[in-house]
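# Topology and contacts: notes
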Amino acid sequence: MNGVLIDRKDVEAFLIDEASYLNDGNFSEWLDLFTEDAWYWIPSNKDHYDPNTHVSIIYDNKERLGERVWRLQSGLAYGQEPQSRTRHLISNVRVLDQDDQTITVSSNFIIVELRRSIQTIYSGRFEHNLRKNGNSWKIAAKKVELINNNEFIGNLSFLL
Amino acid sequence: MNTVKISDLVKEGAIHGDVYKDEEIFQKEMKNIFENTWVYVAHESEIANSGDYKTTFIGFNPVIVTRDSDSDEIHVVLNRCRHRAATVCQQEQGNANYFRCAYHGWTYSNNGDLTGMPFQDGYDEKFDRCKMGLIKVPKVGVYQGFIFASLSEDVPSLEDYLGHARKYIDYVVNTGPEGIALNAGVHKYSFDGNWKLQVENTIDPYHLSVTHRSFFNLVANKTGKRINFSKMHKNEKIRDLGNGHSLYELDGDLGIGALPFNLIIFPNLGFVGSQVRVTRPISVNKTHVSLYPIMLKGVSVEENASRLRKHEGFYGPAGFGTVDDLEVGFDRVMEGLNAKANGAEWLEISRGMNREEIDEDGIITATSSDEVSARALYKEWRRLMTKE
């Protein structure tokens, strides 16, 4: 990829693969997509701020993200009993920035979640920071800007 | 719904399922509780400067909590134009010297006084402008920065109302070298269940080792130390502090926050982990919960950041603890309450009644797996709900 601009379609394919892990319940494979120094961030109340001075819905390093996945697979995570069924639809993919090693991608999403016979729609913008890993990428950062992050929202124990 | 029936819903050690499901009882709660006792509305740090305001609710009533631009006095006024009822303030928080109704332009200063309206010739001298300010909530009290308001004049002083709970609020405030602030945003979540389920769950250590087993397994895996809940419950106490307030004294660190206790201030305020928790009833089966992380003043950014990370680990819409409470403590309870046949209507809150102790101040104490807190809550609930 040295010196070659990344094709938006390749990045889109990566995001779609990531979503398929979540939608198919392959959480360990999803976790493996993240670098060891990755963070996974769902801001609360607004989209942009310093997470050291403002609370987040999720601000996970790799360790806590691993615990999140462990919990979902433990059989004891009651918040996911019954389990959510989800479909992630990803669109409006744009490459915001790139260099030899990293790429910043913005995309819009609609996630439909079904749990306890109730269908809920979540929507917003993903921002992925991807790091080159052989012929593919690893996720160094994933930010989930929910449009309803300042609303009273329900049980977010499934993965977005 | 007559008072006799309501008093029958709370027995010694048991409550009737209708307290969570009955629409008429809910409407009466909004009148007899939320319009008849002190309700927490804001913390001073949320309206720190002259002219700052915050909008919130007392029961169903939308209100604005303001800091007077001239005197710095704190006012709580109903967010309803005196002309044709539109809310005059839409933002959650901000700074304004005036609130101007966008419908017909009636304008109020931030102490609530009516200052004018367009085309004043339509009103003669019989129109008393002084009486047409935003309606003031009659009682406003501040204790250690925590602002409470009461829609009824007929309440004890705020100090007396908080009573034995005061020294624990003092403790919270003194955890920061220069005090505390609620300035790090809010976790907001909602559930389709009755508000009292969230209040009860604020002090219910009995459920920790069951509902939150996965969380405590994680803690054990990480620290190599497994919490001995049986021993913990023997060492820890729950206290009925009177007026519906109660306290849970922790024995050691559960890994979920900084405070050494959980405190319920009846009806809508809680102190848990490192948070101020506010419970707002929306309808008989819908509740909004706001968690404000308590930030310490005079400590490093890193220290407050680590409080936030710990809080997020257990609490909030995606926290490992909250989501299990939403499912088990609220959704499943609301579902189970539909089973009413063959005498199923009652819920047990009798645990530990056989080992309660009462001290000279009248504080009732038992161990931390006991349901002292729920009994304290329903004692005050019953008193207010049966008041004429």
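Rules used throughout
- Residues numbered from 1 in each chain as written.
- Chains lettered and ligands numbered in written order.
- Predicted model: local features only at pLDDT ≥ 70, side-chain atom pairs only at ≥ 80, totals over all residues.
- Helix = DSSP H or I, 4+ residues; strand = E, 2+ residues; numbered from the N terminus.
- Rg over C-alpha atoms; globule rule 2.2 N^0.38 Å.
- Buried ≥ 20, exposed ≤ 12 C-beta atoms within 10 Å, placed from the backbone.
- Core = buried A, V, L, I, M, F, W, Y, C linked by C-beta atoms within 7 Å.
- Domains from an automatic or database assignment.
- Contact = placed C-beta atoms within 7 Å.
- Pairing = 2+ DSSP bridges.
- Axes fitted to C-alpha atoms, helices over the stretch in contact; angles between N-to-C directions.
- Nonpolar A, V, L, I, M, F, W, Y, C, P; charged D, E, K, R; others polar.
- pLDDT = per-residue confidence, 0-100.
- Expected span 1.5 Å × (residues − 1).

Turning next to the overall build of chain A. When you go through chain A residue by residue, the secondary structure sums to three helices and six strands. Over its C-alpha trace chain A gives a radius of gyration of 16 Å, about what one expects of a compact globule, namely 15 Å for 160 residues. The principal-axis extent of the C-alpha atoms belonging to chain A is close to 50 × 30 × 30 Å. Counting across all 160 residues of chain A, residues that qualify as buried make up 34%.

Here we take up the nonpolar core. Of all hydrophobic cores here, the largest spans 116 residues; its most connected members are Val41(B) and Val65(B). Top element by residues in this core is helix H12 (residues 372–385) of chain B. It accounts for seven residues. Taken domain by domain, this core gets at least three of its residues from each of domain 1 (39–150) and domain 2 (179–385) of chain B. Setting aside its immediate chain neighbours within four residues, Val41(B) contacts Thr56(B), Ile58(B), Val63(B), Val65(B), Val76(B), Ile147(B), Phe148(B) and Ala149(B). In this structure, Val11(A), Leu15(A), Phe34(A) and Leu130(A) belong to the second largest nonpolar core, which totals eleven residues.

Consider a sheet: its strands pair through backbone hydrogen bonds, and that pairing is either parallel or antiparallel. Residue and element names in this part refer to chain B. Taken together, the three strands give an open sheet; going across it, the order is E3-E12-E11, and neighbouring strands pair in antiparallel fashion. Each of the sheet's edge strands pairs with one partner strand only, and the pair in question is strand E3 (39–43) and strand E11 (139–143). The sheet shows a mean angle of 30° between the axes of neighbouring strands, taken without regard to direction. Here E3 pairs with strand E12 (residues 146–150) via four bridges, running antiparallel. Note on E12: the bridge partner recorded for histidine 43 is phenylalanine 146.

All names here are of chain B. Domain parsing of chain B yields domain 1 (39–150) and domain 2 (179–385). Per element, the largest residue contribution to the side of domain 1 that touches domain 2 is three residues, and it comes from E3. Among the residues forming the side of domain 1 that touches domain 2, the class breakdown is three nonpolar, two polar and one charged.

With 31 residues of chain B at the interface, the matching set in chain A holds 28 residues. Ranked by residues supplied to the side of chain B that touches chain A, first place goes to helix H10 (residues 301–314) of chain B with seven residues. Considered class by class, the residues forming the side of chain B that touches chain A number 15 nonpolar, nine polar and seven charged.

All right, on to the environment of Pro205(B) then. All names here are of chain B. Of note, proline 205 is situated in the loop between helix H6 (195–202) and helix H7 (208–211). For the pair proline 205 and aspartate 370, spaced 165 residues apart in the sequence, the C-alpha separation amounts to 8.2 Å. Each residue touching proline 205, except ones within four places of it in the same chain, is listed here: His233, Glu236, Tyr248, Ser368 and Ser369.

Let us look at unusual backbone geometry. In this chain, Glu81(A) is followed by Pro82(A) through a cis amide linkage whose omega measures 10°. The topology assignment puts Pro82(A) in the loop between helix H3 (62–72) and strand E3 (85–98). Residues other than glycine seldom take positive phi values, yet Asp72(B) does so here, at roughly 65°. When you line up the elements, Asp72(B) lands in the loop between strand E5 (61–67) and strand E6 (74–78). Classification of Asp72(B) as exposed rests on a count of 12 C-beta atoms within 10 Å.

With that out of the way, let us pick up the pairing of E12(B). Residues and elements named next belong to chain B. For E12, a buried count of five out of five residues is recorded, marking the element as mostly surrounded by other parts of the structure. Because side chains alternate across E12, one face comprises the buried residues Phe146, Phe148 and Ser150, and the other comprises Ile147 and Ala149, equally buried. Relative to E12, E11 runs antiparallel, the two sharing five bridges. For lysine 139, the partnering residue across the bridge sits in E12 and is serine 150. Between E11 and E12, which pair antiparallel one after the other, the connecting turn spans two residues, and glutamine 144 there sits at a positive phi close to 55°.

Moving on to the confidence of the model for chain B. Considering every residue of chain B, the mean pLDDT works out to 96; 99% of them sit at 70 or more. Scoring the predicted complex yields pTM 0.97 and, for the interface, ipTM 0.96.

It is worth spelling out helix H11 (residues 322–336) of chain B at this point. All names here are of chain B. The end-to-end C-alpha distance of H11, which contains 15 residues, comes to 20 Å, matching closely the 21 Å that a straight helix rising 1.5 Å per residue would cover. Within H11, burial applies to Thr322, Val323, Asp324, Asp325, Leu326, Glu327, Gly329, Phe330 and Asp331. Buried-residue contacts for H11 involve strand E14 (187–191), H6 and H7.

Across its 14 residues, H10(B) extends 21 Å between first and last C-alpha, which sits within 8% of the 20 Å expected from 1.5 Å per residue. Residues of H10(B) that are buried in the fold lie against strand E2 (56–61) and H3 of chain A together with helix H8 (213–223), strand E19 (275–283), strand E20 (286–293) and strand E21 (295–296) of chain B. Gly316(B) occupies a position one or two residues after H10(B) and carries a positive phi of about 100°.

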